[in-house]
Amino acid sequence: MSLEEQFGQAQERVNKLSRRPPDLQLLELYGLYKQATAGDATGKRPGAFDFKGRAKWEAWKQREGLPREEAMRQYIGLVDRLEGEFA
């Protein structure tokens, strides 16, 4: 199975977790997903009062320079760990 197929399956699996992961893990998933699908963070950093938007943008920005394939691998690994915790 190709890396892209594994990544797609991980996206499906994360939506089937029995419980919602903590916010920090959700932000990690978001940052890795965006890096894998869109590359380095773009646009301006959201304002100080856009707490959710800013947290998501920063989670993505932290992965700047991470190759697409590595972001996919890390995303898949995180989903695997979450399945073990929230199965």
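Placed above this text is the structure.
Parameters at a glance
Residues numbered from 1 in each chain as written. Predicted model: local features only at pLDDT ≥ 70, side-chain atom pairs only at ≥ 80, totals over all residues. Heavy atoms only, no water. Helix = DSSP H or I, 4+ residues; strand = E, 2+ residues; numbered from the N terminus. Polar contact = N/O pair within 3.5 Å; in protein donor to acceptor, adjacent residues only side chain to side chain. Contact = heavy atoms within 4.5 Å. Salt bridge = Lys/Arg side-chain N within 4 Å of Asp/Glu carboxyl O. Buried < 20%, exposed > 50% of the residue type's maximum accessible area, 1.4 Å probe, protein only. Core = buried A, V, L, I, M, F, W, Y, C linked by side-chain atoms within 4.5 Å. Phe/Tyr/Trp six-rings, centres within 6.5 Å; stacked < 30°, edge-to-face > 60°. Lys NZ or Arg CZ within 6 Å of the ring centre and 35° of its normal.

Colleague: Sorry, what's going on with the side chain of Arg63 here?
Modeller: Assignment of secondary structure puts Arg63 in the loop between α3 (51-61) and α4 (68-86). Separated by 3.5 Å, the side chains of Arg63 and Gln62 make a polar contact. Those residues within four positions of Arg63 in sequence are excluded, and the remaining contacts are Glu28, Gly31, Leu32, Gln35 and Asp40.

Colleague: Would you take a moment to explain the pattern of salt bridges for this structure?
Modeller: Applying the stated criterion across every chain, the model contains eight salt bridges. We note a salt bridge from Arg13 to Asp80, for which the minimum N-O separation is 2.3 Å. In this pair, Arg13 sits in helix α1 (residues 3-14) while Asp80 sits in helix α4, placing the two residues 67 residues apart along the sequence. Since its relative accessible area comes to 23%, Arg13 is described here as partly exposed. Arg13 serves as the salt-bridge partner of Glu83, at 3.0 Å between the closest nitrogen and oxygen. Linking Glu83 in helix α4 with Arg13 in helix α1, this pair joins segments that are 70 residues apart in sequence.

Colleague: Got a minute to help me understand the nonpolar core in this structure?
Modeller: One broad rule of soluble globular proteins: the nonpolar side chains tend to lie buried together. Core analysis: the largest hydrophobic core is formed by 17 residues, its most contacted members being Phe7, Val14, Leu29, Tyr75, Val79 and Leu82. Elements with a minimum of two residues in this core: α1, α2 (23-38) and α4. For this core, the element with the most residues is α4, which contributes eight residues. Apart from residues no more than four positions distant in its own chain, Leu29 is found in contact with Val14, Tyr75, Leu78, Val79 and Leu82.

Colleague: Mind showing me how you'd approach the environment of Leu3 here?
Modeller: Mapped onto the fold, Leu3 is located in helix α1. Among the residues examined, Leu3 registers a relative accessible area of 16% and is labelled buried. Spatially, the C-alpha atom of Leu3 lies 26 Å from that of Pro22, the residues being 19 residues apart in sequence. Not counting residues up to four positions away in its chain, the partners in contact with Leu3 are Glu69, Met72, Arg73 and Ile76.

Colleague: Whenever I open this one, the packing of aromatic side chains confuses me. Can you help?
Modeller: For any pair of aromatic rings, the description consists of the separation of the ring centres together with the inter-plane angle of the planes. The tally for this structure, following the rule as stated, stands at three aromatic pairs. Aromatic pair Phe7 and Tyr33: ring centres 6.0 Å apart, planes at 15 degrees, arrangement stacked. In this pair, Phe7 sits in helix α1 while Tyr33 sits in helix α2, placing the two residues 26 residues apart along the sequence. Since its relative accessible area comes to 31%, Tyr33 is described here as partly exposed. Clustering of aromatic rings is evident, with ring pairs tying together Phe7, Tyr33 and Tyr75. Over the aromatic face of Trp60 sits the side chain of Lys34, whose NZ or CZ is 4.5 Å from the ring centroid.

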